[in-house]
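Spelled out, the chains give:
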Amino acid sequence: MSVALLESPSLADLLEELGGISPSRIRLPLGTATEQDVLNIHDRENRLFELVHGVLVEKGMGFFESRLAIILGHLIEGFLDGNNCGFTVGADGMLRITTGLVRIPDVAFFRWERVPDHRVPRQPIADLIPNLAVEVLSPSNTRREMDRKRREYFGAGVELVWYIDPPTRTAQIWTSLDDSIVIDEDGTLDGGTILPGFRLTMRDLFARAERGPQP
């Protein structure tokens, strides 16, 4: 995949390979970027860029999408208070999915069995594959971009992927590369065998994200 990116004959071809994303999300250097570039931009500008085989791609994220992600992570962590089977990281938890590929799910959950010595990594980019990866879709995300991410996640060993779509108030639950169900506002996010016992209705998630001050 890295060869295809580096040998793309034009910027248009490169953008297509990345899922038809906007060129405004690409940052120089083109084709030779490294993990250090990811860290430098974050430290200097407080902006999140993923690394896709030498190409820096800005992570699409909006204000409300960020709120949904932090609430979901908070609720999972609350569940873990009574069932300490792992831990979560949020939307700036950088993960080395494979050599040359750094992705940043909005929420990632790791079961302790996957964590060496059962210790949370201290490196700025963790060499760790989550059991569950959650992406809250933003307007800048394309379907083909998310298809590519899903292939990468499952190819690396992720077992469960949730795509949450704020405009439709739905979630697509992927249990493998090709198997998924879509749940609407009346549906329930279920942790399955990854987070056994965790259940959250989409209605409750959005209600919490949208609630104002109590009267």
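Below you will find a few notes about this structure. It should be emphasised that the depicted structure is a prediction, and the values quoted were computed from it without experimental measurement. (Residues numbered from 1 in each chain as written. Predicted model: local features only at pLDDT ≥ 70, side-chain atom pairs only at ≥ 80, totals over all residues. Heavy atoms only, no water.)

## Considerations on the packing of aromatic side chains
Then step 1. On inspection of all chains with the given rule, the structure shows five aromatic pairs.
Then step 2. Ring centres of Phe-64 and Phe-206 lie 6.3 Å apart, and the angle between their planes is 40 degrees; on these two criteria the pair is classed as tilted. Of this pair, Phe-64 sits in helix H4 (residues 63-80) while Phe-206 sits in helix H6 (residues 202-210), and the two are 142 residues apart along the sequence.
Then step 3. With a relative accessible area of 28%, Phe-64 lands in the partly exposed category.
Then step 4. Relative accessible area serves as the criterion here: at 0%, Phe-206 is assigned to the buried category.
Then step 5. Grouping aromatic residues by their ring pairs yields a cluster made of Phe-79, Trp-162 and Phe-198.
Then step 6. In this arrangement the basic side chain of Arg-150 is found over the ring face of Trp-174, its NZ or CZ atom lying 3.7 Å from the centre. (Phe/Tyr/Trp six-rings, centres within 6.5 Å; stacked < 30°, edge-to-face > 60°. Helix = DSSP H or I, 4+ residues; strand = E, 2+ residues; numbered from the N terminus. Buried < 20%, exposed > 50% of the residue type's maximum accessible area, 1.4 Å probe, protein only. Lys NZ or Arg CZ within 6 Å of the ring centre and 35° of its normal.)

## Examining empty space enclosed by the protein
Then step 1. Under the definition given, this model contains one cavity of 30 Å³ or more.
Then step 2. Reported here for the largest cavity is a volume of approximately 30 Å³.
Then step 3. In terms of lining residues, the largest cavity is bounded by Lys-59, Gly-60, Asp-106, Glu-135, Val-136, Asn-141 and Lys-149.
Then step 4. Grouping the constituent residues of the lining of the largest cavity by class yields one nonpolar, two polar and four charged. (1 Å grid on protein atoms, 1.4 Å probe; cavity = no way out; pocket = protein on both sides within 12 Å on 5 of 7 lines; lining within 4 Å. Points joined across faces, edges and corners; volume = space filled by probe spheres on them. Nonpolar A, V, L, I, M, F, W, Y, C, P; charged D, E, K, R; others polar.)

## A closer look at the pairing of strand E5 (residues 94-98)
Then step 1. Relative to strand E8 (residues 125-126), E5 runs parallel, the two being bridged by two bridges. Bridge pairing links Leu-95 to Ala-126 in E8.
Then step 2. Here three bridges tie E5 to strand E6 (residues 101-103), and the two strands are oriented antiparallel to one another. Its bridge partner being in E6, Arg-96 is matched across the sheet by Val-102.
Then step 3. Hairpin connection, E5 to E6: the antiparallel pair is bridged by two residues, and Gly-100 has positive phi, about 85 degrees. (Pairing = 2+ DSSP bridges.)

## Describing the side chain of Arg-25
Then step 1. Checked against the element boundaries, Arg-25 lands in the loop between helix H2 (11-17) and strand E1 (26-27).
Then step 2. At 3.1 Å, the side chain of Arg-25 forms a polar contact with the backbone oxygen of Ser-140.
Then step 3. Those residues within four positions of Arg-25 in sequence are excluded, and the remaining contacts are Phe-49, Leu-56, Val-57, Glu-58, Lys-59, Gly-60, Ser-140, Asn-141 and Glu-145. (Polar contact = N/O pair within 3.5 Å; in protein donor to acceptor, adjacent residues only side chain to side chain. Contact = heavy atoms within 4.5 Å.)

## Quick notes on H6
Then step 1. Residues of H6 that are buried include every one of Met-202, Leu-205, Phe-206 and Ala-209, and no others. In a view along the axis of H6, the buried residues occupy a sector of 90 degrees, so they form one face of it.
Then step 2. Where H6 is buried, its residues contact H4, strand E10 (160-165), strand E11 (170-174), strand E12 (180-183), strand E13 (188-190) and strand E14 (199-201). (Arc of directions from axis to C-beta.)

## Focus: the packing of H4 against H6
Packed helix pairs are characterised by how far apart their axes lie and by the angle those axes make with each other.
Then step 1. Two numbers describe how H4 lies on H6: the axes approach to 10 Å, and their chain directions differ by 120 degrees. With respect to H6, the element H4 is oriented oblique. Considering how the two elements wind past one another, H4 and H6 form a crossing that is right-handed. Packed against H4, whose contacting residues are Phe-64, Arg-67, Leu-68, Ile-71, Leu-72, His-74 and Leu-75, the element H6 presents Leu-205, Phe-206, Arg-208, Ala-209 and Glu-210 at the interface.
Then step 2. Of the residues assigned to the contact of H4 with H6, the class counts are eight nonpolar, one polar and three charged. (Axes fitted to C-alpha atoms, helices over the stretch in contact; angles between N-to-C directions. Parallel < 35°, antiparallel > 145°, perpendicular 65-115°, else oblique. Left-handed = near helix turned anticlockwise from the far one by under 90°.)

## Here's the deal with the sheet that holds E11
Then step 1. Spatial strand order, E4-E7-E9-E10-E11-E12: six strands in an open sheet with mixed pairing. The outermost strands of the open sheet, each flanked by one partner alone, are strand E4 (86-89) and E12. Pairwise comparison of adjacent strand axes, ignoring direction, gives a mean angle of 15 degrees for this sheet.
Then step 2. Relative to the sheet, H4 contacts E4, strand E7 (107-111), strand E9 (132-136) and E10, its axis offset from that of E4 by approximately 165 degrees.
Then step 3. Here H6 sits on the sheet and contacts E10, E11 and E12; the angle it forms with E10, its principal contact strand, is near 55 degrees.

In short, shape yes, function no, at least from these values alone.
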